[in-house]
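Results of the structural survey
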Amino acid sequence: MDLSPVTEALAVKSFDKIADICDSLMLQVAAEGISFQEDWPYAIHLLGHFFVDDCDSARFLWKTIPTSVKESKPEVAAAWRIGQKLWTHDYAGVYEAIRGFDWSQEAKDMVAAFSDVYTKRMFQLLLSAYSTITIPDLALFLGMTQDDATTYVVEKGWTVDAASQMVTVKKQAIKREQKVDSSKLQRLTEYVFHLEH
């Protein structure tokens, strides 16, 4: 079984492609009738789905993993703990699951990259859902200490009221560009002309 495409993607840090590569290889190997369950990089495969925010596919993958693999490979179980926290929207729990395991060298970079991507997703969630938030809640969502979380959002333009321990979210200005192509403009002109005459 040739897992070199997965190894290459990990080496060049193309973590967003890992899930698709693993899915394709798994189908290919299964179609050839090769027994692969014991040697498959399930932890990397699960993390690949989490990286692209595809918890549904990760759940289905988890259900296909043999029990013997789940029990004998602690890294697979640790990757699934991240999935469980994602599934239940336990934002702080995701960070605890990430930090709560000593990841293999193969998975360490991917987990660190996922943690960064997840922090950015949480920041976008906070940006769209809150106008103000307490510093302790902010720290939970971002998986940081209160000081680090405060510094992170201040760098993004948010304001902090130290007395009330509240952070005011700075909403991003929404830029909308209207592009009118000439054919639409021509149809509109003809329509208006027709109405007037």
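In the nomenclature of an unreviewed UniProt entry, the chain corresponds to COP9 signalosome complex subunit 8 from the organism Raphanus sativus. According to UniProt, the comment filed for the chain under the heading Sequence similarities (unreviewed entry) is "Belongs to the CSN8 family."

Looking at the side chain of serine 115
Looking at where serine 115 falls in the secondary structure, it is placed in helix α8 (residues 105-129). Serine 115 sits in the buried class, given a relative accessible area of 17%.

Structural notes on the layout of surface pockets
Reported here for the largest pocket is a volume of approximately 190 Å³. For the largest pocket, the full set of lining residues is Asp53, Cys55, Lys85, Leu86, His89, Tyr91, Tyr118, Arg121 and Met122. Among the elements of the structure, α6 (74-87) and α8 are those that each provide at least two residues to the lining of the largest pocket. Here the element with the most residues in the lining of the largest pocket is α8; it accounts for three residues.

Observations concerning the nonpolar core
Of all hydrophobic cores here, the largest spans 57 residues; its most connected members are Leu46 and Ile82. Sort the elements by how many residues they give to this core and α8 lands first, with ten residues. If you count residues domain by domain, this core takes at least three from each of domain 1 (1-118) and domain 2 (130-196). Residues within four places of leucine 46 in sequence aside, it is in contact with Ala58, Leu61, Trp62, Ile65, Val76, Ala79 and Trp80.

Notes on a nonpolar patch on the surface
A cluster of nonpolar side chains, Leu185, Leu188, Tyr191, Val192 and Leu195, forms an exposed patch at the surface whose accessible area comes to about 510 Å². Tracing the sequence through the fold places tyrosine 191 in helix α11 (residues 182-196).

Thresholds, definitions, all that
Residues numbered from 1 in each chain as written. Predicted model: local features only at pLDDT ≥ 70, side-chain atom pairs only at ≥ 80, totals over all residues. Heavy atoms only, no water. UniProt positions renumbered as here; feature names shortened; annotations may be inferred. Helix = DSSP H or I, 4+ residues; strand = E, 2+ residues; numbered from the N terminus. Buried < 20%, exposed > 50% of the residue type's maximum accessible area, 1.4 Å probe, protein only. 1 Å grid on protein atoms, 1.4 Å probe; cavity = no way out; pocket = protein on both sides within 12 Å on 5 of 7 lines; lining within 4 Å. Points joined across faces, edges and corners; volume = space filled by probe spheres on them. Core = buried A, V, L, I, M, F, W, Y, C linked by side-chain atoms within 4.5 Å. Domains from an automatic or database assignment. Contact = heavy atoms within 4.5 Å. Patch = residues over 30% accessible without salt bridge, like charges linked within 9 Å, V, L, I, M, F, W, Y side chains within 5 Å. Areas by Shrake-Rupley, 256 points an atom, 1.4 Å probe, with all protein chains shown as cover. Salt bridge = Lys/Arg side-chain N within 4 Å of Asp/Glu carboxyl O.

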